[in-house]
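# Architecture and fold: a report
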Amino acid sequence: MLRARITGTGSAVPDKILTNSDLEKMVNTNDEWITTRTGIKERRIAADGEYTSTFAVKAARRALEMANVQPDELDLILLGTVTPDFPFPATACIVQQELGAANAAAFDLSAACSGFIYGLNMAEAYIKSGMARKMLVMGAEVLTRIVDFTDRNTCILFGDGAGAVVVEASTGEHGILSSHIYTNSSHWGLLYQPGVGGRNPGSAKSTFEEKLYYLRMEGNDVFKHAVRAMGDAAVAALEYNNVSADDVNWLIPHQANRRIIEATGKRVGIPEERIFVNLHKYGNTSSASIPIALDEANREGRLKDGNLILMDAFGGGFTYGSVLLKW
Ligand code: UT7
């Protein structure tokens, strides 16, 4: 049976760091509140001249190098993002050009913080069906470009960066065992970016005075949905594969809030020491958070051959989902 196997990981974040104490000088907040409510200590901020594609290309090069795959061997490039370089063309097209991956079809995937899990789900489908053999799946964001740095409810949460994986067709037992994606759109208005788009075309008034360009989130409501949905998606993956939480070596969840991660761990039955957390360094990087975490865990040597790894995400839409794989 053909399986979709991750053969290389890579990530890239901006050099510029914004700490909680920097934020104390910008809005009415403090390190203690941010740390206890979210677990975040600092986040990375793209500099002028750095875009989603900047970090996606760097992350992709690292993943390709690890997999020992040349860009022209790729037949598909999927990039999850809600902060593309332009509304169109897809940022994946810019990545394709910069990598010189001339044989790959390239497109973006809009599933907010679940973008990478949605991407892996597509990778599994393409590879199992035989329609692709070597793919690049990425999550990349410059969320701080759409954050209102006068709104303490949101500006403390988000950061920039990218993660990438090379996914290849493989015949062994390693690779994605199952992937599960879901959408519950009844509450999409709790987390969205009103403009610029067809409903709110750009204008000096709407874009800046009315702040329609900035993301909006009802944090507390989103929190409750996130806890339930991430728990459900994780349990679905375990039940589908008939494995128990004790069998899982690593839970690598979307890094939005430490309390959401802890609640998910409890619901699923995976203790803290088997949950990979790096949000204290990067904040919530949306679609990039899981592939950045996966790459860090991988490069730190924590993922061993044959390990069972559960990835779990939730984001605007609401979209959510999970992937269980054998490393
Ligand atoms: O990426 C996927 C989607 N996103 C998420 O999963 C994020 C989900 N939500 C969250 O992580 C949390 O809801 C937040 C971290 C955003 C907020 O934490 P909370 O425990 O839900 O706080 P809250 O919104 O209920 O606010 C509690 C209090 C409020 O004051 P009052 O009304 O009790 O006086 C807020 O005004 O905390 C206040 N507050 C702050 N205080 C200091 C809100 N933001 C801040 C702040 N600093 N930055």
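Residues numbered from 1 in each chain as written. Predicted model: local features only at pLDDT ≥ 70, side-chain atom pairs only at ≥ 80, totals over all residues. Heavy atoms only, no water.

## Observations concerning the overall build of the chain
Helix and strand counts for the chain come out as 11 helices and 13 strands. Here the chain has a C-alpha radius of gyration of 19 Å; the compact-globule value for 327 residues is 20 Å, and the two agree. For the chain, the C-alpha atoms occupy an extent of roughly 55 × 45 × 35 Å along the three principal directions. Considering the chain, the positive charge centre built from 32 side chains and the negative charge centre built from 38 side chains are found 2 Å apart. (Helix = DSSP H or I, 4+ residues; strand = E, 2+ residues; numbered from the N terminus. Rg over C-alpha atoms; globule rule 2.2 N^0.38 Å. Lys, Arg positive; Asp, Glu negative; His and termini not counted. Charge placed at Lys NZ, Arg CZ, Asp CG, Glu CD.)

## Focus on the layout of surface pockets
When its volume is computed, the largest pocket comes out at roughly 1,100 Å³. Taken together, 35 residues make up the lining of the largest pocket; nearest its centre are Val82, Ser110, Ile146, Tyr192 and Gln193. Taken together, the residues of the lining of the largest pocket sort by class into 19 nonpolar, 13 polar and three charged. Residues from two domains meet in the lining of the largest pocket; each of domain 1 (3-172) and domain 2 (177-286 + 300-326) gives at least three. As for the second largest pocket, its lining consists of 27 residues, of which Leu157, Met217, Gly219, Asn220 and Asn257 are closest to the centre. The element best represented in the lining of the second largest pocket is helix α8 (residues 219-241), accounting for six residues. Taken together, the residues that form the lining of the second largest pocket break down as 14 nonpolar, 10 polar and three charged. (1 Å grid on protein atoms, 1.4 Å probe; cavity = no way out; pocket = protein on both sides within 12 Å on 5 of 7 lines; lining within 4 Å. Points joined across faces, edges and corners; volume = space filled by probe spheres on them. Nonpolar A, V, L, I, M, F, W, Y, C, P; charged D, E, K, R; others polar. Domains from an automatic or database assignment.)

## Observations concerning the site of the ligand
Close contacts around the ligand come from 23 residues, with Thr29, Arg37, Asn220, Asn257 and Asn284 the closest. Here Asn220 contributes a side-chain N or O atom positioned 2.8 Å from an oxygen atom of the ligand. At a separation of 2.7 Å, an oxygen atom of the ligand approaches a polar side-chain atom of Asn257. Here the ligand has 960 Å² of accessible area as a free molecule, and 75% of this is covered by the chains. At a threshold of 2 Å from the grid points, most atoms of the ligand map onto the second largest pocket. Broken down by secondary-structure element, the contributors of at least two residues to the shell around the ligand are α2 (31-38), α6 (152-155), α8 and α9 (258-268). The element contributing the most residues to the shell around the ligand is α8, with four residues. Broken down by class, the residue content of the shell around the ligand amounts to 11 nonpolar, nine polar and three charged. Two domains share the shell around the ligand, each providing at least three of its residues, namely domain 1 (3-172) and domain 2 (177-286 + 300-326). (Near = heavy atom within 4 Å. Polar contact = N/O pair within 3.5 Å; in protein donor to acceptor, adjacent residues only side chain to side chain. Areas by Shrake-Rupley, 256 points an atom, 1.4 Å probe, with all protein chains shown as cover. Sits in = over half its atoms within 2 Å of the grid points.)

## Looking at the side chain of Thr207
Within the secondary structure, Thr207 is located in helix α7 (residues 204-209). Once residues within four sequence positions are removed from consideration, Thr207 is found in contact with Val196, Gly202, Leu212 and Tyr213. (Contact = heavy atoms within 4.5 Å.)

## A look at the nonpolar core
Core analysis: the biggest nonpolar cluster contains 44 residues, and Phe158, Met217, Val222, Ile270, Leu310 and Phe314 have the highest contact counts within it. Those elements that place two or more of their residues in this core are α8, α9, β12 (308-315) and β13 (319-326). Among the elements that make up this core, the one with the highest residue count is α8 (nine residues). Of the domains in this structure, domain 1 (3-172) and domain 2 (177-286 + 300-326) are the two that each give at least three residues to this core. When near neighbours in sequence (up to four residues on either side) are disregarded, Leu310 contacts Ala234, Ala237, Leu238, Val248, Trp250, Leu251, Ile252, Ile270, Ser322, Val323 and Leu324. With 33 residues, the next largest nonpolar core counts Ala123, Ala169, Phe276 and Trp327 among its residues. (Core = buried A, V, L, I, M, F, W, Y, C linked by side-chain atoms within 4.5 Å. Buried < 20%, exposed > 50% of the residue type's maximum accessible area, 1.4 Å probe, protein only.)

## Regarding the sheet that holds strand β4 (residues 76-80)
The pairing of strands in a sheet comes from backbone hydrogen bonds and takes either a parallel or an antiparallel form. An order of β1-β7-β6-β4-β5 is seen for the five strands of this open sheet, with the pairing classed as mixed. Unpaired on one side and paired on the other, β1 (3-12) and β5 (105-109) mark the two borders of the sheet. Across the sheet, the mean angle separating the axes of adjacent strands is 20 degrees when strand polarity is ignored. With nine bridges connecting them, strand β6 (residues 134-142) and strand β7 (residues 160-170) associate as antiparallel partners. Residue pairing for β7: Val142 is matched across the bridge by Asp160. In the packing of helix α3 (residues 52-67) onto the sheet, the strands contacted are β1, β4, β6 and β7, and the crossing angle to β1 comes to about 125 degrees. Taken strand by strand, helix α5 (residues 115-128) contacts β1, β4, β5, β6 and β7, and its axis lies near 170 degrees from that of β6. (Pairing = 2+ DSSP bridges. Axes fitted to C-alpha atoms, helices over the stretch in contact; angles between N-to-C directions.)

## Observations concerning the side chain of His254
In this structure, His254 sits in the loop between β11 (250-253) and α9. Overall, His254 belongs to the buried group, its relative accessible area being 2%. Of note is the side chain of His254, whose polar atom sits 3.4 Å from the side chain of Asn284. His254 has contacts with Cys113, Met230, Ile261, Asn284, Ser286, Ser289, Ile290, Asp312, Ala313 and Phe314, leaving out every residue within four places of it along the chain.

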